[in-house]
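# Chains, contacts and geometry: an overview
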Amino acid sequence: MSQSAPAVINPAQSPTPTRRFRGITNPLARFLIVRFLLIFPTVFILVTMVFVLMRSIGDPITAALGGRLTAAQLAERISSAGYDRPILVQYFEYLGQIFTGNFGTAITDGRPVSELLVTYGSATLELASYAILVALIFGIPLGMVAAYFRDKWPDAVLRVAAILAYATPVFFAGLLLKLVFAVWLKVLPVAGRASTRTELQLTSMDDPSGIYLIDAVRLGSPAAIGDVLSHAVLPGLALGLLTAGIFMRLVRTNVIGSLSMDYVDAARSRGVSEFRLVRKHAYKPALIPIITVIGLQIALLLGGAVLTETTFEWKGLGFKLVEYLGARDFVAVQGIVVLLAVIVALTNFIVDIIAAIIDPRVRY
Amino acid sequence: MTTTNSRLVRIWRRLPVVHHVRQSVGLQRGMLVAGLILTGIFLLTALFAPLLAPYGFSQLRDDDGTFGAQVPPGGQHILGTTVGGYDVLSRVIWGSRTAVLVIVVAVALSIFAGVLLGLVSGYLGSWLDRVLVVISDAVYAFPTLLLAIVAAIAISGGRSSFWGGVFAAAISITVVYIPQYFRVIRAETVRIKSEAYVESAKVLGASTPRIMFRHVFRNATRTLPLIFTLNSSEAILTLAGLGFLGFGIEPSAAAEWGYDLNKSISDVTSGIWWTSLFPGLAIVLVVLGITLVGESLNDLADPRLRTRRRADQSAPVLETSALHTVDLDDDESAIDPLEARS
């Protein structure tokens, strides 16, 4: 049957769920619905994987408090938390909890994981935003420069720089930046999100957003804004440079690709300068893949954020995750990982939607 | 005698990397050769670590007494000592051995699982294919490091001995990278299974496993060296990331660069640079070397990115190609399925 059928990869036919939504005539609406429904299997698979992996070593209470409590106390805590019930019952209960937004409660300090999102998620969001900003500022122009000077020395230098940016682990880049700018030159702070005084000001204001830059602007104090920004430079650079290298290569490849398109040849034959071809004609189609790749970068950024936050004592979700890892509080670890899975799935959804609105060709 | 020689030369020239070096020109050749040299140094260091390293990776004292903590570079310890009192140079050299072992185990496992799943999924299709694609997409979209952390907890509970640690790290990395091999092999398989020679084999009555492993597999694995190189560099970064977060291998069991970097965070604040700089540089150089090789292979495989020989340089190519001994430029015959079977 299907084995002998020619396997033409036709985007209009391959994803199965589309068939059911033929009734909806607006292609964008159909794409939206299908893409939204795809979030659920993704999250479900990841939750299942994490659950199976984490529970394969036994119950979390013994792991966290094993040495500190007597066997009887342990057994009591295990049964009161319900970890002595069949694993399938626990699994379905856990799925139900996730569905209602309950990601579990940390064993060591008794805080609900969803509360951590409010307290520490904003810090991670702020760091990731700085990193994306750094990546866009460096990546796009440098990629265009590299494409313009294709196979000449500026291209060679930039390509090696991009590979170097990829080859340097974020924490090593962070340590080097810290060493040079914070310890030797003493121009930027060593670690943290703000100095103690500013931090007090920002946390004591009513209804803080948790994103220090926004709070500092709302506070209206130039000193606070400067302090927050100076703390953001090194972590933002450390995390952003990695992604900048990826953006640069992507822009370079795509600009080179679109420079050989017919419409660019047509423009060239009309006498448009090579610089203007890169600047005006070739780079716009090269930006569409950037949007898609930002979606994929969210995953990389969150992984990198865990490492950057540890390097700079940036008190975000990653920093907290490492703290719980050290305490062997696997309920909290599981909660944070699953929470991040949901965040990744949602951001990928949003990015796909934006890409579909901009470029009708990506809809399927 | 001459015929066997020319045959040997021909085989030599068609070996993957040699062929690529010959195919490349200019900057691309420079990058490829630089990458090969760095990778070669890395492999040799790992192989001869016991001879090269002045001390053991967990050695704290020699005949003159203990090394002392945070000794600056120079004298007895060329690169200084760490906060724990280990010799930095020795740990950097021994670390390459850990890295090679983890890469080899991780990549071998993920190729095996990924290729097998990709072949079965792509060739047999049906619901199995759909389920596997959804699972691999879900895993692919997730932060690799976080998944590796969860896998590391599951495998070793976090800490372990040398081989336990190597396998824990390798399997954690494998879990993350199977989807990449799976996707590539599946896509190739789907493309290849509609080729005429697969249909012919089917008509001749070849069994499904035979078609899958003899006809499809051999032609679907062309891109593997490329993913292999790109993945090994990612595997090193993941290993270092795990080590940095405290999921590496205990310092007494093996040397691991990420672990050493983690211990050096507080050193950096007090201006002690040698404990972080050297393990970090080791990671950067190794990843750089492997990535340069992978990148160059990628560019050479993609005609849009391949640098062309200039017209004046191509003149001798025309001359030799008339002799029918070697094809210098485009060796397309390697992908010809009929050729591959002979």
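Just so it is clear, the model here is predicted, and its values are computed rather than measured.

## Overview of the overall build of chain B
- If you tally the helices and strands in chain B, you get 16 helices and two strands.
- Taken over 342 residues, chain B has a buried fraction of 47%.
- For chain B, contacts bridging at least 24 residues in sequence account for 70% of all contacts bridging at least 6.

## A short note on the overall build of chain A
- Within chain A, the regular secondary structure consists of 14 helices and zero strands.
- Listed by position from the N terminus, the elements making up chain A come as α-α-α-α-α-α-α-α-α-α-α-α-α-α.
- With respect to the principal axes defined by its C-alpha atoms, chain A has extents near 85 × 70 × 40 Å.
- In chain A, which comprises 364 residues, the proportion classed as buried is 40%.
- For chain A, the share of sequence-separated contacts (at least 6 apart) that also reach a separation of at least 24 residues comes to 72%.

## Observations concerning the nonpolar core
- Ranked by internal contacts, the top residues of the largest apolar core, which has 188 residues, are I149 and V150 of chain B.
- With 18 residues, the top contributor of residues to this core is helix α5 (residues 113-148) of chain A.
- Those residues in contact with V150 of chain B, other than ones at most four positions away along the chain, are V50, L53, M54 and V337 of chain A.
- With seven residues, the next largest nonpolar core counts Y212, A224, V228 and A232 of chain A among its residues.

## Overview of the interface of chain B and chain A
- Taken together, the contacts link 48 residues of chain B with 49 residues of chain A.
- Of all the secondary structure elements, the ones that give two or more residues to the side of chain B that touches chain A are α6 (126-140), α7 (144-156), α8 (162-192), α11 (224-244), α13 (265-269) and α14 (274-301) of chain B.
- Grouping the constituent residues of the side of chain B that touches chain A by class yields 29 nonpolar, 14 polar and five charged.

## Section: the confidence of the model for chain A
- Across chain A, pLDDT averages 79, with 91% of residues at or above 70.
- Looking at the elements of chain A, mean pLDDT is at its lowest for helix α2 (residues 60-65) of chain A, recorded as 73, and at its highest for helix α7 (residues 170-184) of chain A, recorded as 87.

## Brief notes about helix α10 (residues 222-259) of chain A
Residues and elements named next belong to chain A.
- With 38 residues, α10 should cover 56 Å at 1.5 Å per step; its first-to-last C-alpha distance of 46 Å lies more than 12% under that length.
- A bend of about 35 degrees at G240 is the largest found in α10.
- Of all 38 residues making up α10, 28 are buried, and the element is well covered by its neighbours.

## What about the packing of α7 of chain B against α11 of chain B?
Residues and elements named next belong to chain B.
- Two numbers describe how α7 lies on α11: the axes approach to 10 Å, and their chain directions differ by 60 degrees. Here α7 is positioned oblique relative to α11, judged by the angle of their axes. The crossing of α7 and α11 is right-handed. Residues T144, L145, A148, I149 and A152 of α7 form the contact with α11, whose participating residues are T238, G241 and L242.
- The class makeup of the residues in the contact of α7 with α11 is five nonpolar, three polar and no charged.

## Points about the environment of V190 of chain B
- Mapped onto the fold, V190 of chain B is located in helix α8.
- Exposure remark for V190 of chain B: the 21 C-beta atoms within 10 Å place this residue in the buried category.

## Quick word on the packing of α5 of chain A against helix α6 (residues 153-167) of chain A
All names here are of chain A.
- Here α5 crosses α6 at 140 degrees, and the two axes come no closer than 7 Å. In terms of orientation, α5 lies oblique with respect to α6. The handedness of the crossing between α5 and α6 comes out as left-handed. Between α5 and α6, the contacting residues are L142, V145 and A146 on the first element and P154, D155, L158 and R159 on the second.

## Comments concerning the confidence of the model for chain B
Residue and element names in this part refer to chain B.
- On average, residues of chain B carry a pLDDT of 76, and 84% of them reach 70 or more.
- Within chain B, helix α16 (residues 337-341) has the poorest average pLDDT of any element, 33, and helix α5 (residues 88-124) the best, 87.
- A low-confidence stretch, residues 310-342 stays under pLDDT 50, and its non-local contacts, those more than four residues away or across chains, total 22 contacts.

## Some words on the environment of K202 of chain B
All names here are of chain B.
- Positionally, K202 belongs in helix α9 (residues 196-203).
- Residue K202 is classed as partly exposed on the basis of its C-beta count, with 16 C-beta atoms lying within 10 Å.
- The spatial distance from the C-alpha of K202 to the C-alpha of V102 is 40 Å, given a sequence separation of 100 residues.

Rules behind the numbers
- Residues numbered from 1 in each chain as written.
- Chains lettered and ligands numbered in written order.
- Predicted model: local features only at pLDDT ≥ 70, side-chain atom pairs only at ≥ 80, totals over all residues.
- Helix = DSSP H or I, 4+ residues; strand = E, 2+ residues; numbered from the N terminus.
- Buried ≥ 20, exposed ≤ 12 C-beta atoms within 10 Å, placed from the backbone.
- Contact = placed C-beta atoms within 7 Å.
- Core = buried A, V, L, I, M, F, W, Y, C linked by C-beta atoms within 7 Å.
- Nonpolar A, V, L, I, M, F, W, Y, C, P; charged D, E, K, R; others polar.
- pLDDT = per-residue confidence, 0-100.
- Expected span 1.5 Å × (residues − 1).
- Bend = angle between axes of the 7 residues up to and from the residue.
- Axes fitted to C-alpha atoms, helices over the stretch in contact; angles between N-to-C directions.
- Parallel < 35°, antiparallel > 145°, perpendicular 65-115°, else oblique.
- Left-handed = near helix turned anticlockwise from the far one by under 90°.

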